[in-house]
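Chain by chain, the residues:
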Amino acid sequence: MRILLADALPDAAIDRLRAEGDDVELAPQLGTADLPGALGGVEALVVRSTKVDAAAIDAADHLGIIVRAGAGTNTIDCARAAERAVFVCNVPGRNALAVAELTIGLLLAVDRHIAVATADLRAGRWNKRAHGAADGLFGRRLGIIGLGDIGMAVAERAAAFGMDVVAVAKADRDEATVETAEDIGVSFVADLDELLTTSDVVSIHVPSNDATRGMVDASFLAKLREGAILLNTSRGDLVDAAALL
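Being a predicted model, the structure only gives us computed values, none of them experimental.

Trainee: Which residues make up the overall build of the protein, and what values do they have?
Mentor: Helix and strand counts for the protein stand at 11 helices and 10 strands. Counting only C-alpha atoms and orienting by the principal axes, one finds that the protein spans roughly 60 × 55 × 40 Å. Counting over 245 residues, the protein shows a buried share of 36%. Long-range contacts, defined as pairs at least 24 residues apart, comprise 51% of the intrachain contacts of the protein with a sequence gap of at least 6. Taken as a whole, the protein presents about 13,200 Å² of accessible surface, with 53% of it coming from carbon and sulfur. Looking at charge distribution, the protein has the averaged site of its 23 positive side-chain charges lying 7 Å from that of its 36 negative ones.

Trainee: Can you tell me about helix 4 (residues 96-111), naming the residues and giving the values?
Mentor: Because the α-helix completes a turn every 3.6 residues, residues three or four places apart line up on one side. Compared with an ideal rise of 1.5 Å per residue, which puts 16 residues at 22 Å, helix 4 spans 23 Å between its outermost C-alpha atoms and is within 8% of the ideal. Of the residues trailing helix 4, His-113 is marked for its positive phi of about 55°.

Trainee: How would you sum up the environment of Gly-70? Please name residues and give values.
Mentor: With respect to the helices and strands, the residue Gly-70 is situated in the loop between strand 4 (65-68) and helix 3 (78-83). Each C-alpha atom, one on Gly-70 and one on Val-165, is 26 Å from the other, the two residues being 95 residues apart in sequence. Discounting chain neighbours no more than four positions away, the residues touching Gly-70 are Asn-90, Val-91 and Pro-92.

Trainee: Requested: an account of the pattern of salt bridges, with residues and values cited.
Mentor: Under the defined criterion, the tally for this structure stands at 14 salt bridges. With its nearest N and O atoms 2.6 Å apart, the salt bridge here joins Arg-80 to Glu-83. Within this pair, Arg-80 and its partner Glu-83 are both found in helix 3, separated by 3 residues, close to a single helical turn. A relative accessible area of 56% means that Glu-83 is categorised as exposed. Across the pair Arg-125 and Asp-120 runs a salt bridge, and its minimum N-O distance is 3.0 Å.

Trainee: Which residues make up a negative patch on the surface, and what values do they have?
Mentor: Taken together, the side chains of Asp-174, Glu-175, Glu-179, Glu-182 and Asp-183 define an acidic patch exposed on the protein surface. With respect to the helices, strands and loops of the structure, Glu-179 is situated in helix 8 (residues 175-184).

Trainee: So what's going on with the sheet that holds strand 7 (residues 164-168)? Which residues, and what values?
Mentor: Ordered by their spatial adjacency, 5 strands build an open sheet running 8-7-6-9-10, and the pairing between neighbours is parallel. Whereas interior strands pair on both sides, the edge strands pair on one side only; in this sheet they are strand 8 (187-189) and strand 10 (229-232). Strand after strand, the sheet turns through a mean of 25° between neighbouring axes, direction not considered. Bridging between strand 9 (residues 201-204) and strand 10 involves 4 bridges; their strand directions are parallel.

Trainee: Tell me about the nonpolar core, residues and numbers included.
Mentor: Counting residues in hydrophobic clusters, the biggest one holds 20 residues, and the most contacted among them are Leu-107, Leu-142, Ile-144, Met-163, Val-165 and Val-201. Sorting the residues of this core by element identifies helix 4, strand 6 (141-145), helix 7 (149-160), strand 7 and strand 10 as the ones contributing at least two each. A total of 5 residues in this core trace back to one element, the largest contributor, which is helix 7. Other than its neighbours up to four places away in sequence, Val-165 contacts Leu-142, Ile-144, Ala-155, Ala-158, Ala-159, Gly-185, Val-186 and Ser-187. Formed by 19 residues, the second largest nonpolar core is a distinct cluster that contains Ala-27, Val-47, Val-52 and Ala-60.

Trainee: Can you tell me about the packing of helix 7 against helix 8, naming the residues and giving the values?
Mentor: At a closest axis distance of 9 Å, the pairing of helix 7 and helix 8 adopts a crossing angle of 20°. Taken together, the axis directions place helix 7 and helix 8 in an arrangement best described as roughly parallel. Classified by chirality, the crossing of helix 8 by helix 7 is right-handed. Of the residues in helix 8, those touching helix 7 at Met-152, Ala-155, Glu-156 and Ala-159 are Thr-177, Thr-180, Ala-181 and Ile-184. Class assignment of the residues belonging to the contact of helix 7 with helix 8 gives a composition of 5 nonpolar, 2 polar and 1 charged.

Trainee: I'd like a rundown of the environment of Leu-108, residues and numbers included.
Mentor: Summarising the element assignment, Leu-108 is placed in helix 4. Leu-108 sits in the partly exposed class, given a relative accessible area of 29%. Sequence spacing of Leu-108 and Arg-235 is 127 residues, and the spatial spacing of their C-alpha atoms is 21 Å. For Leu-108, the residues in contact, after removing those within four places along its chain, are Ile-114, Leu-137 and Phe-161.

About the cut-offs
The numbers attached to residues start from 1 for each chain and follow its sequence in the written order. Two thresholds apply to this predicted model, a pLDDT of at least 70 for residue-level local features and 80 or more for giving and counting side-chain atom pairs, whereas whole-chain, interface and lining totals are computed over all residues. For the side-chain quantities, the full set of heavy atoms in the structure was used; hydrogens and water were omitted. A helix here means a DSSP run of H or I that spans at least four residues, while a strand means a run of E at least two residues long, and both kinds are numbered starting from the N terminus. For every residue, the accessible area (1.4 Å probe, protein chains only) is compared with the maximum for its type, and the residue is labelled buried under 20%, exposed over 50%, or partly exposed between those bounds. Contact definition: two residues touch when any of their heavy atoms are within 4.5 Å. Where accessible areas are quoted, they stem from the Shrake-Rupley method and a 1.4 Å probe; at the residue level, only the protein chains shown are allowed to cover. Residues scored as positive are Lys and Arg, those scored as negative are Asp and Glu, and His as well as the terminal groups of each chain are ignored. For the purpose of locating charges, the reference atoms are NZ of Lys, CZ of Arg, CG of Asp and CD of Glu. Helix span, as expected, comes to 1.5 Å for every residue beyond the first. By convention in these notes, a salt bridge is any Lys or Arg side-chain nitrogen within 4 Å of a carboxyl oxygen on Asp or Glu. The patch calculation keeps residues exceeding 30% relative accessible area without a salt bridge and links them within 9 Å when they carry like charges or within 5 Å when they are nonpolar (Val, Leu, Ile, Met, Phe, Trp, Tyr). Strands pair, by our definition, only if DSSP identifies at least two bridges between them. Note on method: axes are straight lines fitted to C-alpha atoms, helices fitted across the in-contact stretch only, with angles between N-to-C directions ranging 0 to 180 degrees. Here, nonpolar core refers to any group of buried Ala, Val, Leu, Ile, Met, Phe, Trp, Tyr and Cys residues whose side-chain atoms link them within 4.5 Å. Any angle from 65 to 115 degrees is called roughly perpendicular, while one under 35 is roughly parallel, one over 145 is roughly antiparallel, and all others are oblique. Less than a right angle of anticlockwise turn of the near helix away from the far helix marks a crossing as left-handed, whereas a clockwise turn marks it as right-handed. Each residue gets one of three labels, nonpolar for Ala, Val, Leu, Ile, Met, Phe, Trp, Tyr, Cys and Pro, charged for Asp, Glu, Lys and Arg, and polar for the others, Gly among them.

Nothing here speaks to function; it is all geometry.
What follows is the structure in structure tokens.
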């Protein structure tokens, strides 16, 4: 199979493909505009952050599958791919721990004013009173929206800090997920309104789609508690930027 890697991947993954007899071309420098001219004869396209639009899909003459080496597929024109009978797949959970650690890192940075303190220090200022004022994580409530691999990993780490972790109860959530969440220490609230109005921190871990795009709107934000922290390590278009500002 002829495979085009349009983003960097670990050498071990490339070596494994080649060992299986695949013809692998590594071209991490390619951008979205470059793809249409690079897909001739390519049967499989692997991307991470490079956007795959309709123009690229239409230009491909042998393409059978597009693999997103990450959780979401919002950077790929899945509708056009379906029309051209091109499969689209992803690797959910592959970067779950990295995103979970980033989420906790951001939470600590916000609570402890790390970015502001660092900027002040580099400018020759040190305001210990302001930079030392933190609420801490222990005993505070974290509301998680999205209990997939990433949300669950965040819950586990937050619980280790002694946070009260909650999520919205859903009738269609499978029993195994509920049991795992409860074992971690997650409790469930009746609805999103209760999560937003009672949480000190809200962390979002859902994909970008028609149901979630713009979900953090003026109404959502108005329900947050005074001084609440909002974390979004999912997709930017989940947040209505004008409403947030």
